[in-house]
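Results of the structural survey
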Amino acid sequence: MKKLLLILAILLLNNPTQAIEDIKKVNLDEAIDIALENNIDLKAAQLNIKVAKNEEKVANRLQNPSIDGFYFLGAAGWSEPKQWGLSQNIEIAKRNARKKLAQSNLKLVEKNTDYTTFDLKMDVREAYINLVASKSIQHTLEQQQDLQEELLQIAKNHVKAGKVPEIDAIQAEIALNQLITQVNTAKVNVKQALSNFNKVINSTTPILYDSNDKIFAEENNYKEMLTPNPTLNFPSISTLMDKALANRLDIQIAKQQIDIAEKNLTLVSRQRIPDLSISGGYAYQIGAHSDDGRFHNGAYAGASLVNIPLFYNYSPEIQNATIKLHQAELNYTSTKNKAIKDITVAYERFLTAADNLNQYEAKIVAGSEKLIDISLDSYEHGKSDLTSLIIMKQSYKSIIVGYTLALADYYNSWTNFLREINDEDFEINLNPNSEQL
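What you see is a predicted model; the values in this text were computed from it and never measured.

**What about the overall build of the protein?**
- Helix and strand counts for the protein stand at 9 helices and 6 strands.
- Burial status across the protein gives 38% buried among its 437 residues.
- A fraction of 81% describes how many contacts in the protein between residues 6 or more apart in sequence connect residues 24 or more apart.
- By element, 54% of the accessible surface of the protein is carried by carbon and sulfur atoms, the whole surface being about 25400 Å².

Rendered as structure tokens:
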């Protein structure tokens, strides 16, 4: 047994267990397509459409008939014929109303599914952006770590040459250790962002989806991130509001709920209309039971009104249906009012994020890069002290991380704007002399 365990251990060491997940790098477009095809929650939501279609068939049903038989026994059989036939209840003015209500419910389910689909696309965008931002921050901190290691070596050389006191090397090493902890935290953040990204995709396939790397550090990547260039001259929200409201799904859903409430009121009101019950069949009387001793046969037919609203006229149901219609109308007005405010806030946030990003790109990042190069060269040649350089490096690190966060905020603010208008292909009509996305 010990030998067997030893052999198994050697096999495991020489052939480590393969990861069950293959890593596949995707761009944003590909990630959205993969989520739409594989997302489990979306598949479950889409099944509601099939259920609603079956409900429409149920609403369009005809009442099933009944088989009737009357066989008289004893003395009653001498005077009454035996009867076999069918009876059928016929709904009057109800079936078509019920079918229209089911059709309206089907449209609502389809719109809710569209909403779920669109929301998934926006969730993928946000998760993708956050993943790329986390990677970019990790990359920035790793670059700073490399630079700090270089600085530590320079400080040690200066100490060895007697140019600076030993405290410079100690200070540089402390700064390096601090950066190492920040890099470790950044790596954990990337893992968490990667997990969240795959959680949003929510696929059962044994694939670990990953974003393209360093996309934030590349120029002209706004098109790949499906976002307008922040330098464009964006118009005011007042010129976009009508277009922004046109595809808003919650407004369409609220409007559809009014249609459902109207059709429900119609259906409930028609419960006051009596239904018709008809019956018919074959009747016969054998010769032994007839007065003249002959066999008699023929047909019978009958009709009656059923469910006559005499003792109960459905007034509470009609009143409730009327109230629900009024509620749906109020909800539509409220939804539209809130949508206008939400869109306005989202667009203002987007414009602010664009301004902040432009400030970083035009006035902060480039100057900071030049300043850190000058400071490092100045310390290396003994023209400045280490403390000033470390402070400068920490400021530069904060600026680069802040720039990455500003870029992520810009992408996310555009995604949030699209989420508010429910239109992923929305194009902003730019002011004159501006290029279009």
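Don't stop here, the text continues.
**With respect to the pattern of salt bridges**
- Counted by the stated rule, this structure contains 13 salt bridges.
- Here Lys94 makes a salt bridge to Asp275, at a shortest N to O gap of 2.6 Å. Of the two residues, Lys94 is situated in the loop between β3 (82–90) and α4 (95–160) and Asp275 in strand β5 (residues 275–285); the sequence distance between them amounts to 181 residues.
- Take Lys94: its relative accessible area is 3%, and that puts it in the buried class.
- Notably, a salt bridge pairs Asp409 with Arg349, separated by 3.1 Å at the nearest N-O pair.

**As for the sheet that holds strand β6 (residues 296–306)**
- Taken in spatial order, the 4 strands make up an open sheet running β2-β3-β5-β6, and their pairing is antiparallel. Sheet topology places β2 (66–70) and β6 at the edges, where each strand pairs with a single neighbour. This sheet shows a mean twist of 20° between the axes of neighbouring strands, independent of strand direction.
- When β2 meets β3, the two strands line up antiparallel, connected through 5 bridges. Across the sheet, the residue bridging to Phe70 is Gln83, located in β3.

**Points about a nonpolar patch on the surface**
- On the surface, a cluster of nonpolar side chains totalling about 650 Å² of accessible area is made up of Leu305, Ile308, Leu310, Phe311 and Tyr312.
- Given a relative accessible area of 43%, Tyr312 falls into the partly exposed group.

**Here's the deal with unusual backbone geometry**
- The phi angle at Ala93 is positive, at roughly 65°, despite the residue not being glycine.
- Residue position: Ala93 is located in the loop between β3 and α4.
- The backbone of Asn202 shows a phi angle near 55°, a positive value even though the residue is not glycine.
- Mapped onto the elements of the fold, Asn202 is located in the loop between α5 (167–201) and β4 (207–211).

**Remarks on α5**
- The first and last C-alpha atoms of α5 sit 51 Å apart over 35 residues, in line with the 51 Å expected at 1.5 Å per residue.
- Once α5 ends, the next one or two residues include Asn202, with phi positive near 55°.

**Description of the nonpolar core**
- If you look at the biggest cluster of nonpolar residues, it comprises 56 residues, and the most contacted ones within it are Phe197, Phe234, Ile343, Tyr347, Tyr410, Phe417 and Phe426.
- Among the secondary structure elements, those contributing two or more residues to this core are α2 (28–38), α4, α5, β4, α6 (241–246), α7 (249–269), α8 (315–380) and α9 (386–421).
- What Phe197 contacts, discounting residues up to four positions off in sequence, is Val26, Ala31, Val124, Ala127, Tyr128, Leu131, Tyr209, Asp210 and Ser211.
- Residues Leu265, Val268, Ala321 and Leu325 belong to the second largest nonpolar core, which totals 8 residues.

**Side note on α7**
- Here α7 contains 21 residues, and its C-alpha end-to-end distance of 30 Å stays within 8% of the 30 Å for a straight helix at 1.5 Å per residue.
- Among all positions of α7, only Leu249, Asp250, Ile251, Ile253, Ala254, Gln256, Ile258, Ile260, Ala261, Leu265, Leu267 and Val268 are buried.

**What to know about the packing of α4 against α7**
- At a minimum axis separation of 9 Å, α4 and α7 run at an interaxial angle of 165°. Taken together, α4 and α7 sit at an angle that is classed as roughly antiparallel. Where α4 crosses over α7, the two elements pack in a sense that is left-handed.
- Across the contact of α4 with α7, the residue classes break down as 9 nonpolar, 8 polar and 8 charged.

**Observations concerning the packing of aromatic side chains**
- For the structure on display, the rule yields 15 aromatic pairs.
- Between Tyr410 and Tyr411 the ring centres are 6.0 Å apart and the planes differ by 50°, which places this aromatic pair in the tilted class. Neither Tyr410 nor Tyr411 differs from the other in exposure class; each is buried.
- Residues Phe417 and Phe426 carry aromatic rings whose centres are separated by 5.7 Å and whose planes lie at 80° to one another, so their mutual orientation is edge-to-face.

**Things to note about the packing of α2 against α4**
- Contact geometry of α2 with α4 gives a least axis separation of 9 Å together with a crossing angle of 140°. Looking at the two axes, α2 sits oblique to α4. Pair α2 / α4 crosses with right-handed handedness. Here Leu28, Ala31, Ile32, Ala35 and Leu36 of α2 lie close against α4, whose contacting residues are Thr117, Leu120, Lys121, Val124, Arg125 and Tyr128.
- Looking at the contact of α2 with α4, its residues break down into 8 nonpolar, 1 polar and 2 charged.

**Considerations on the pairing of β3**
- In this structure, β3 lies alongside β5, joined through 9 bridges in antiparallel fashion. Paired with Asn89 across the bridge in β5 is Ser277.

**Here we look at the environment of Ile170**
- For Ile170, the position within the fold is in helix α5.
- The class for Ile170 is partly exposed, based on a relative accessible area of 43%.
- For Ile170 and Ala155, which are 15 residues apart along the polypeptide, the C-alpha to C-alpha distance reads 8.8 Å.

The rules behind these values
Residues numbered from 1 in each chain as written. Predicted model: local features only at pLDDT ≥ 70, side-chain atom pairs only at ≥ 80, totals over all residues. Heavy atoms only, no water. Helix = DSSP H or I, 4+ residues; strand = E, 2+ residues; numbered from the N terminus. Buried < 20%, exposed > 50% of the residue type's maximum accessible area, 1.4 Å probe, protein only. Contact = heavy atoms within 4.5 Å. Areas by Shrake-Rupley, 256 points an atom, 1.4 Å probe, with all protein chains shown as cover. Salt bridge = Lys/Arg side-chain N within 4 Å of Asp/Glu carboxyl O. Pairing = 2+ DSSP bridges. Axes fitted to C-alpha atoms, helices over the stretch in contact; angles between N-to-C directions. Patch = residues over 30% accessible without salt bridge, like charges linked within 9 Å, V, L, I, M, F, W, Y side chains within 5 Å. Expected span 1.5 Å × (residues − 1). Core = buried A, V, L, I, M, F, W, Y, C linked by side-chain atoms within 4.5 Å. Parallel < 35°, antiparallel > 145°, perpendicular 65-115°, else oblique. Left-handed = near helix turned anticlockwise from the far one by under 90°. Nonpolar A, V, L, I, M, F, W, Y, C, P; charged D, E, K, R; others polar. Phe/Tyr/Trp six-rings, centres within 6.5 Å; stacked < 30°, edge-to-face > 60°.

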